[in-house]
Amino acid sequence: MAEFTENCGLLSPPAGEKAGEEDGKTQREVSVSNGDCGGLSADAVGSAGGPEAPTTSVVLDPKTGIPRRTSIIKDGSRQRKERKKTVSFSSMPTEKKISSASDCINAMVDGSELRKVRSNSRVYHRYFLLDADMQSLRWEPSKKESDKAKIDVKSIKEVRTGKNTDTFRTNGIYDQISEDCAFSVIYGETYESLDLVANTADVANIWVTGLRYLISYGKLTLNMIESSQNSLRSSWLGDLFDEADISGNNSLSLCAAVQLIKKLNPGLKTVKIELKLKELHKAKDKTGCDVTKEEFVEVYHDLCTRPEIYFLLVQFSSNKEFLDSKDLMIFLEAEQGMAQVSEETSLEVIKQYEPSKEGQLKGCLSLDGFTNYLMSNDCHIFDPEQKTVCQDMNQPISHYYINSSHNTYLIEDQFRGPSDITGYIRALKMGCRSVELDVWDGPDNEPVIYTGHTMTSHIVFRSVIDIINKYAFVASEFPLILCLENHCSLKQQRVMFQHLKKILGDKIHSDPPRPEDNYLPSPNDLKGKILLKGKKLPNTCNSSEGEVTDEDEGAEMSQHMSIDGGEQQTVAQPKKFQLSKDLSDLVTLCKSIQFKDFPTAFQNQKHWELGSFNEVFASRCTTDYPGEFVNYNKKFLTRVYPSPMRIDSSNMNPQDFWKCGCQIVAMNYQTPGLMMDLNIGWFRQNGNCGYVLRPAIMREQVSYFSANTKDSVPGVSPQLLHIKIISGQNFPKPKGSGAKGDVVDPYVYVEIHGIPADCAEQRTKTVNQNGDNPLFDESFEFQINLPELAMVRFVVLDDDYIGDEFIGQYTIPFECLQPGFRHIPLQSLTGELLPHAWLFVHVAITNRRGGGKPHKRGLSVRKGKRNREYATMRILLIKAVDEVFKTATQPLREATDLRENMQNAIVPFKELCGLSAVANLKQCILALSSRLIGADNNPVVLFNLKDQYPIMEAQGLLPDVLKKVVTAYETMIQTSRTLLENSESVYERIFQVQKAAMEFHENLHDMAVKEGLKGRKLHKSVESFTWNITILKGQADLLKHARAEVLENLKQVHYAALTCNLAKGGPSATPSTGSDSRPRRSLEAIPEKAVGEEDISDEEEN
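Just so it is clear, the model here is predicted, and its values are computed rather than measured.

A. Geometry of the nonpolar core. Counting 73 residues, the largest nonpolar core has Tyr424, Leu437 and Ile468 as its most contacted members. A per-element tally of this core places helix H16 (residues 461-471) first, with six residues. Excluding residues that lie within four positions of it along the chain, Ile468 makes contacts with Tyr424, Leu428, Val435, Leu437, Leu480, Leu482 and Ile530. One finds Leu892, Leu932, Tyr949 and Met998 within the second-largest nonpolar core, a separate group that totals 69 residues.

What follows is the structure, given as structure tokens:
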């Protein structure tokens, strides 16, 4: 078997292995890997050739310099092993950057080794090159005659990126081919495809860009390139140079030139700019240090051009070196997801980001302007809507996650570390809404704060209350919870009360809870209020003090320290202490109680009572009673604090408890790392106000959710997250790293954190010795089963055999991701922004598609009705209730068919447009538009937009390939129409079933007992009822989203047809939404009736 060297060159076969023959040509087997775009992994190479395999390079023809031998894959079954230490050769700093169309054409004339993929899973190594006259694309070696092993450029219809032809999709090695390295040349009257795989994404981009230029301009390509060769950049840089050239000598000193380039690109290292200028002078044998205008422009061009952004610009600029207002409008709409973009919007962007005066006047966005735009806040990955409070803040406070701190006063470890008021300042400024105060008797009758039974230092209680008063509502106006662990004598408790009343005054919430309420007030109701969590005397206490049980986390830790020190463990009995009535009365909505078990809590606990769970006990609850824990947290507040074993102030994983609905997960803010990254990232949403609304399935009284599910969540539509890590900028050397000097070998991890079913991670290849501008070009796909609780973390590490070191990270809630091309600012280990350090990514989010491997998403494996998975109702063994749920079977099947038929019909249309499932319909019509224009520049197909459903109308005879497109489009429109016309009635039937079932809810337990159910069967019956209600709600919600998707798709087709001038009869009115005059129930979430309560109002939208 043939092998690859590290730079993807073909190796000779091992001794004794006979190569097969194909028409006199030697055959070899290779593997095409995903990610590194070439060669076998080290393990595969070893197994292929054995330990003695030779490492000679590919044999070249002495005359042509082209590889003589071909290689072929017959078996695509080999799976690529996980790659741990790999090296990219596409981003070596010594390589010349491709930053213009002329660079691409020159590279194509020089030629590249590409792999030609055939439908029979065979892959041939060929050397492809462009003829010097730019009229033909050739490949060698070939069994064809030399004049036939070519494609005329003028016969090329389209150049398609990715694995988006039938040859790729049906290929047995689909999974082994990188999406970013694959492209196809569609040519001839029958639209044949030449399917190719490059060794790197860079090489693929070069060929795609160059070929598209040739298609657009033909023989005039060079003239077009010369006429537009960075004229906007040159004029802009020339003006800047002239401004800096005060002496008028047409030159700048080396220092001045370096500073000017540094000003334009602050992330560049001064040493790198100086070195580049000196290298240029040395190459020209220049003796002086002054820099001319031409040299300045050349060095700026070499250092500041980002090839990945250049390729992106050319893709959307109709193969020009700039974007005009129409190009930019298409980019903003189709890629960045902006709605209702007008040409005026584009001109505003150009005015804001285009640096050249000429570009602003002409309404053109140059490469530098496009780069400025992509690196601006407008292209930040974080959704700007989430930078302000945007969630419903009128739900009970128990329906929110609350940003919480543990032992806030400590700034180091838990046993000997110092206490400091800066801990409170930092936490409150970061949006923390629950802080902790351990109060003990202090000298001079002044209570102090520290961790009891430890060696931590003391701070005065009064000074902490002063700080809290000052900073309580700086970052958020929503309620602040003070977790008060009171260990003071009655005398000093009176001092505590005086300080609290005098300093905090009316900010303290003092209204007693109302027993008739079933839930706590909302964050909006408690704006600007401080809630005290602590022990409270019973209402029957009439004296000035009374006895309560002590709660002492410090004693737990001290006990563990003693055990570690070799002392015998003793079971600590709950201590009693005297509590002042005045201090007790300040505790209203957060009374501390000791949790016993869930049945007791469900029966006896009041909604204003709050239990504190040790991390270990809470973990046991999440494992043993996940459903009960979720239901408990729907009504009651739960605080989880770190295990006493965490003496080093390490942190627990908050996701372990958020997934069960625990609201107050107390974190050690002083300890950076993954867990704190998750906490900070999670509470970035909703304006960083410290309150985040929990997923609906965790709030609804009747809903089924198990925190430990490793499958999809009933009633929740999974999402597919597609992330492409494109490049990085200005990665610093890891702190404390000195072994490699200034060398950085970065790679990127993409991590998904959430429920167990969602937790996953993927990594890119390592880019060797390039922290300045590494190119990764790798795509990943993740299924997100509970989007409302998922987070995405991007981590950049330095690949080192001693141990990979942390460079930077950014953590973001899934719901806050913005689709499109985005820049991600990297943060240090302690959360500070790293100067000028960025990741450049592409994000897309799509609905989950049917089964099968990715390469089998074609019609052959789309779920037909026979093997389609339908939502089913569980049997309760309660006859009357089961009869009601049985009537839901048919409408649930119809709802699934409506959705699946519509979504399945969209996939073949996207494929025929040459795009993947990630694309939206606007992108499809844009990609299709060039094929819909005939040789005479007149449309062969137009869109009739007069009706709500746009129709594709042929303007004459169509080739077979376009007939397929029209047929697929008609099927897509028909299934969409069917969904819109029938979804309302199906929804109404599902609603009626749920309404009838909910009539049994209050008496369900008694009905089950009458049927003879008890013990486990009784529990199972109640659980099945909850499951069924959840399924009904979920299916109704999915139907609502499917309807919205159809309306959005129709709108996209309408506007794309107008944008491409393919609308019949010219511009048309805005598409109808399909509403009519007859009243009907809107597709909203179905309301429910709670146990023992009045009907809950309409389901909240969020």
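B. The arrangement of the packing of aromatic side chains in detail. Tallied over the entire structure, the rule returns 34 aromatic pairs. Geometrically, the ring pair formed by Trp236 and Tyr300 is edge-to-face, given 5.8 Å between the ring centres and 80° between the ring planes. Of this pair, Trp236 sits in helix H6 (residues 231-244) while Tyr300 sits in helix H9 (residues 293-304), and the two are 64 residues apart along the sequence. The exposure classification of Trp236 matches that of Tyr300, with both residues buried. Ring centres 5.6 Å apart and planes at 50° place the aromatic pair Phe241 and Phe296 in the tilted group. Of this pair, Phe241 sits in helix H6 while Phe296 sits in helix H9, placing them 55 residues apart in sequence. For Phe241, a relative accessible area of 0% corresponds to the buried category. Grouping aromatic residues by their ring pairs yields a cluster made of Phe595, Phe598, Phe602, Phe613, Phe617, Tyr625, Phe629, Tyr632 and Phe636. Cation over ring: Arg306 sits above Phe840, and NZ or CZ is 5.3 Å from the ring centre. Against the face of Phe322 rests Lys320, its NZ or CZ located 5.7 Å from the ring centre.

C. Up close: helix H2 (residues 101-110). The buried count for H2 comes to seven of 10 residues, which makes it a mostly enclosed element. Along H2, the residues classified as buried are Ala101, Ser102, Asp103, Cys104, Ile105, Ala107 and Met108. Note on H2: the residue one or two positions beyond its end, Gly111, has a positive phi of about 95°.

D. Here's a closer look at the side chain of Lys116. Among the structural elements, Lys116 can be located in strand E3 (residues 112-117). Among residues more than four places away in sequence, those in contact with Lys116 are Arg122, Val123, Tyr124, Phe128, Trp139, Leu194, Asp195 and Leu196.

E. Up close: unusual backbone geometry. Between Glu140 and Pro141 the backbone carries a cis peptide bond, its omega angle lying at -10°. With respect to the helices and strands, Pro141 occurs in the loop between strand E5 (136-140) and strand E6 (150-152). Unusually for a residue other than glycine, Asn407 sits at a positive phi of about 40°. Assignment of secondary structure puts Asn407 in the loop between strand E14 (400-405) and helix H15 (422-429). Residue classification places Asn407 among the buried positions, given a relative accessible area of 3%. With phi around 55°, Gln769 is a residue other than glycine that occupies positive phi space. Here Gln769 shows up in the loop between strand E29 (760-763) and strand E30 (775-784).

F. Layout of the environment of Leu876. Residue position: Leu876 is located in the loop between strand E34 (833-847) and helix H25 (879-886). Considered as a pair, Leu876 and Asn1028 are 152 residues apart in the sequence and their alpha carbons are 9.6 Å apart. Apart from the residues lying within four places of it in its own chain, the contact partners of Leu876 are Val881, Asp882, Phe885, Leu1004, Leu1013, Ser1021, Ser1024, Phe1025 and Asn1028.

G. Representation of the sheet that holds E3 within the structure. Read across the open sheet, the seven strands follow the order E6-E5-E4-E3-E9-E8-E7; overall the sheet is antiparallel. Two strands bound the open sheet, and with one partner strand each, they are E6 and strand E7 (156-161). For this sheet the average axis-to-axis angle between neighbouring strands, irrespective of direction, equals 30°. Summarising the sheet, E5 and E6 pair through three bridges and their orientation is antiparallel. Note that in E6 the partner of Ser136 across the bridge is Asp152. Packing against the sheet, H2 makes contact with E3 and strand E4 (123-130), and its axis sits at approximately 120° to E4.

H. Layout of the state of the cysteines. Scanning all chains against the criterion turns up zero disulfides. Of the cysteine sulfurs around Cys924, a residue in no disulfide, the closest is that of Cys913, at 4.5 Å. Note on Cys924: relative accessible area 0%, which makes it buried.

I. A look at the confidence of the model for the protein chain. With 82% of its residues at a pLDDT of at least 70, the protein chain reaches an overall mean of 83. Scored below 50 in pLDDT, residues 560-571 makes 10 contacts in the model with residues more than four places away or belonging to other chains. In this model, residues 1068-1102 is a region of pLDDT below 50 whose contacts with residues beyond four sequence positions or in other chains number 75 contacts.

J. Focus on the packing of helix H28 (residues 960-998) against helix H30 (residues 1016-1059). Two elements in contact, H28 and H30, have axes separated by 9 Å at closest approach and are oriented at 150°. As judged from the angle between their axes, H28 and H30 are roughly antiparallel. In the packing of H28 onto H30, the handedness of the crossing is left-handed. Each residue belonging to the contact of H28 with H30 can be placed in one class, and the counts come to 20 nonpolar, three polar and three charged.

K. View of the pairing of E4. Extensive coverage of E4 is indicated by the burial of eight of its eight residues. Neither face of E4 is left uncovered, since the one carrying Val123, His125, Tyr127 and Leu129 and the one carrying Tyr124, Arg126, Phe128 and Leu130 both have all their residues buried. Looking at chain direction, E3 and E4 are connected through six bridges and run antiparallel. Across the sheet, Ser112 pairs through a bridge with Phe128, a residue of E4. Connecting E3 to the antiparallel partner E4 that follows it, the hairpin turn spans five residues, and Ser121 within it adopts a positive phi of roughly 70°. With antiparallel pairing between neighbouring strands as the criterion, E4 and E5 make up a hairpin whose turn holds five residues, including Met134 at a positive phi of roughly 60°.

L. Quick look at the pairing of E3. The buried count for E3 comes to six of six residues, which makes it a mostly enclosed element. Alternating positions in E3 separate into two faces, Ser112, Leu114 and Lys116 on one and Glu113, Arg115 and Val117 on the other, with burial throughout. Pairing between E3 and strand E9 (residues 192-197): three bridges, direction antiparallel. Along E9, the bridge assignment pairs Val117 with Asp195.

M. View of the environment of Leu980. Structurally, the position occupied by Leu980 is in helix H28. In this structure, the C-alpha to C-alpha distance between Leu980 and Ala1044, residues 64 residues apart in sequence, is 9.3 Å. Not counting residues within four places of it along the chain, the set of residues in contact with Leu980 comprises Gln948, Tyr949, Arg1043, Val1046, Leu1047 and Leu1050.

Calculation notes
Residues numbered from 1 in each chain as written. Predicted model: local features only at pLDDT ≥ 70, side-chain atom pairs only at ≥ 80, totals over all residues. Heavy atoms only, no water. Core = buried A, V, L, I, M, F, W, Y, C linked by side-chain atoms within 4.5 Å. Buried < 20%, exposed > 50% of the residue type's maximum accessible area, 1.4 Å probe, protein only. Helix = DSSP H or I, 4+ residues; strand = E, 2+ residues; numbered from the N terminus. Contact = heavy atoms within 4.5 Å. Phe/Tyr/Trp six-rings, centres within 6.5 Å; stacked < 30°, edge-to-face > 60°. Lys NZ or Arg CZ within 6 Å of the ring centre and 35° of its normal. Pairing = 2+ DSSP bridges. Axes fitted to C-alpha atoms, helices over the stretch in contact; angles between N-to-C directions. Disulfide = S-S within 2.5 Å. pLDDT = per-residue confidence, 0-100. Parallel < 35°, antiparallel > 145°, perpendicular 65-115°, else oblique. Left-handed = near helix turned anticlockwise from the far one by under 90°. Nonpolar A, V, L, I, M, F, W, Y, C, P; charged D, E, K, R; others polar.

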